[in-house]
Amino acid sequence: MKRIKSFEQDTLLYVISTPIGNLKEFSPRAIECIKECDFIASEDTRTTSLLLSKFNISKPSISYHEHNEQEASSKIIALLKEGKKIGLTSDAGYPGISDPGSILIKHCIEEDIPVSVVNGSNAFIPALVGSGLDTSHFYFHGFLPSKESARKKELEEIKNKKETLIFYESPHRIKETLENMFSILGNRLVSIAREITKLHEEYIRGTLEELLNLDPASLKGEMVLVVEGNKEIKILSEEDIIAILKEEIASGKSKKDAIKEVVEQYSLKKNYVYLLASKL
């Protein structure tokens, strides 16, 4: 167990959320932290430089993106060990959420280097809240694969989740994604949020079938899809689960395969199903 304070440290990695559109959402604390930093590690140094210039800030930059994460992480760790303060940013929103950053954060934690997350803009939370769908429990998936076969496979794996589902999607793939969702998830309620916090912010709400009729040319900018969870899955009792396990085993499956099938089919916790299977 480790307990490391994030404030009042000479060496510190700031993980800084940047605006996803509206510059007024760049918090005073984020600006203050950047001013304290010796270097800024950026997904795209040009994008970050343009952002900082609007607040009259200039800092030495380090390129940190998905193609050089390991190499850049080593360089940043070395600077942190020299006592430097470094800010980590992505092009928009939080580093580490469908963007580079998690590898560096993991390495810092392993090296006992303090990490402080500077709160700020995010796309999927406003999209969820503005969707009108259930917010009590939700599952954030991020981007689906670009290859259709892999995309369909991932949708099959999560189709039984009862939680509201949240995805990121780009405009050139939105039509195919909606079609795949309709064929695999069924005709569920869905909300598309696009251009969040920007001038042309828009929410499109309806069923998957209705949204299939949208003109893809009218869907520009990065989008967040919020999809209703599976409402057809009934709540299973212990007796129900044990009965299903017995049926799976009777059909020829091993106990291990039967457990795996039940866990995936009904979105149950593996340890819980293992415990029930031990009663067989």
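The structure this text deals with has already been given above.
Within every chain, residues take consecutive numbers counted from 1 along the sequence as written. Local features in this predicted model are restricted to residues of pLDDT 70 or higher, and side-chain atom pairs are both shown and tallied only at a pLDDT of 80 or more, whereas totals for entire chains, interfaces and linings draw on every residue. Water and hydrogen atoms play no part in the side-chain values, which are based on all heavy atoms of the structure.

Visitor: Quick question: what am I supposed to make of the side chain of Thr164 here?
Guide: Along the chain, Thr164 turns up in strand 7 (residues 164–169). The definition of a polar contact used here is a pair of N or O atoms within 3.5 Å, where within protein one atom must be able to donate a hydrogen and the other to accept one, and adjacent residues in sequence count solely through side-chain atom pairs. One polar contact links the side chain of Thr164 to the main-chain carbonyl oxygen of Asp134, over a distance of 2.7 Å. Any two residues having at least one pair of non-hydrogen atoms within 4.5 Å are treated as being in contact. When near neighbours in sequence (up to four residues on either side) are disregarded, Thr164 contacts Leu128, Leu133, Asp134, His137, Phe138, Tyr139, Val226, Val227 and Gly229. Counting from the N terminus, the helices are DSSP H or I runs at least four residues long and the strands are E runs at least two residues long.

Visitor: Please explain the side chain of Arg194 as it appears in this structure.
Guide: Within the secondary structure layout, Arg194 lies in strand 8 (residues 189–194). Burial here depends on accessible area, computed with a 1.4 Å probe over protein chains only, as a share of the maximum for the residue type. Under 20% is buried, over 50% is exposed, and the range in between is partly exposed. Under the relative-accessibility criterion, Arg194 is labelled buried at 11%. Setting aside residues up to four positions removed in sequence, Arg194 forms contacts with His200, Glu201, Glu202, Ser218, Leu219, Lys220, Glu222 and Met223.

Visitor: Could you clarify how one ought to interpret a positive patch on the surface in this entry?
Guide: Patches here: salt-bridge-free residues with over 30% relative accessible area, like charges joined within 9 Å, nonpolar side chains (Val, Leu, Ile, Met, Phe, Trp, Tyr) joined within 5 Å. The accessible surface values rely on the Shrake-Rupley method and a 1.4 Å probe; as for residues, cover is taken only from the protein chains in view. The salt bridge criterion pairs a side-chain nitrogen of Lys or Arg with a carboxyl oxygen of Asp or Glu, the two atoms within 4 Å. Residues scored as positive are Lys and Arg, those scored as negative are Asp and Glu, and His as well as the terminal groups of each chain are ignored. Where a charge lies is defined by one atom per residue type, namely NZ (Lys), CZ (Arg), CG (Asp) and CD (Glu). Residues Lys153, Lys256, Lys260 and Lys270 make up a contiguous surface patch of positive charge. Inspection of the secondary structure assignment puts Lys153 in helix 6 (residues 148–158). Judged by its relative accessible area of 54%, Lys153 falls in the exposed class.

Visitor: What should I look at first to understand the sheet that holds strand 7 in this one?
Guide: Strands in a sheet are paired, the pairing made by backbone hydrogen bonds, and the direction either parallel or antiparallel. One open sheet holds the five strands; their spatial order is 6-7-10-8-9, and the pairing between them is mixed. Edge positions in the sheet fall to strand 6 (138–143) and strand 9 (202–207), since each of these pairs with one other strand and no more. Strand after strand, the sheet turns through a mean of 15° between neighbouring axes, direction not considered. By definition, two strands form a pair when at least two bridges between them are found by DSSP. Note that strand 6 and strand 7 share five bridges and pair parallel. When the bridges of strand 7 are listed, Gly142 appears paired with Phe167. The sheet strands contacting helix 7 (residues 174–185) are strand 7, strand 8 and strand 10 (223–227), and the helix crosses strand 10 at an angle near 10°. As a rule, the C-alpha atoms of each element are fitted with a line to give its axis, helices using only the stretch in contact, and angles between N-to-C directions run from 0 to 180 degrees.

Visitor: Help me out: how do you make sense of the packing of aromatic side chains in this one?
Guide: For any pair of aromatic rings, geometry is given as the distance between the ring centres together with the angle between the planes. Each Phe, Tyr or Trp ring (for Trp, its six-membered ring) is paired with any other whose centre lies within 6.5 Å, and the angle between the two planes then decides the class: stacked below 30 degrees, edge-to-face above 60, tilted in between. The final tally for this structure, using the stated rule, is five aromatic pairs. Summarising the aromatic geometry, the rings of Phe140 and Tyr168 are spaced 5.2 Å apart at their centres and angled 70° between planes, so their arrangement reads as edge-to-face. Placement of Phe140 in strand 6 and of Tyr168 in strand 7 is noted, with a sequence separation of 28 residues between them. Given the relative accessible area of 24%, Phe140 is considered partly exposed. Put simply, the rings of Phe124, Phe138, Phe140, Phe143 and Tyr168 touch in pairs and so form one group of aromatic residues. The ring of Tyr139 carries the charged tip of Lys161 above its face, separated from the ring centre by 4.8 Å. Placement of a charge over a ring requires the Lys NZ or Arg CZ to be within 6 Å of the ring centre, with the centre-to-atom vector within 35 degrees of the ring normal.

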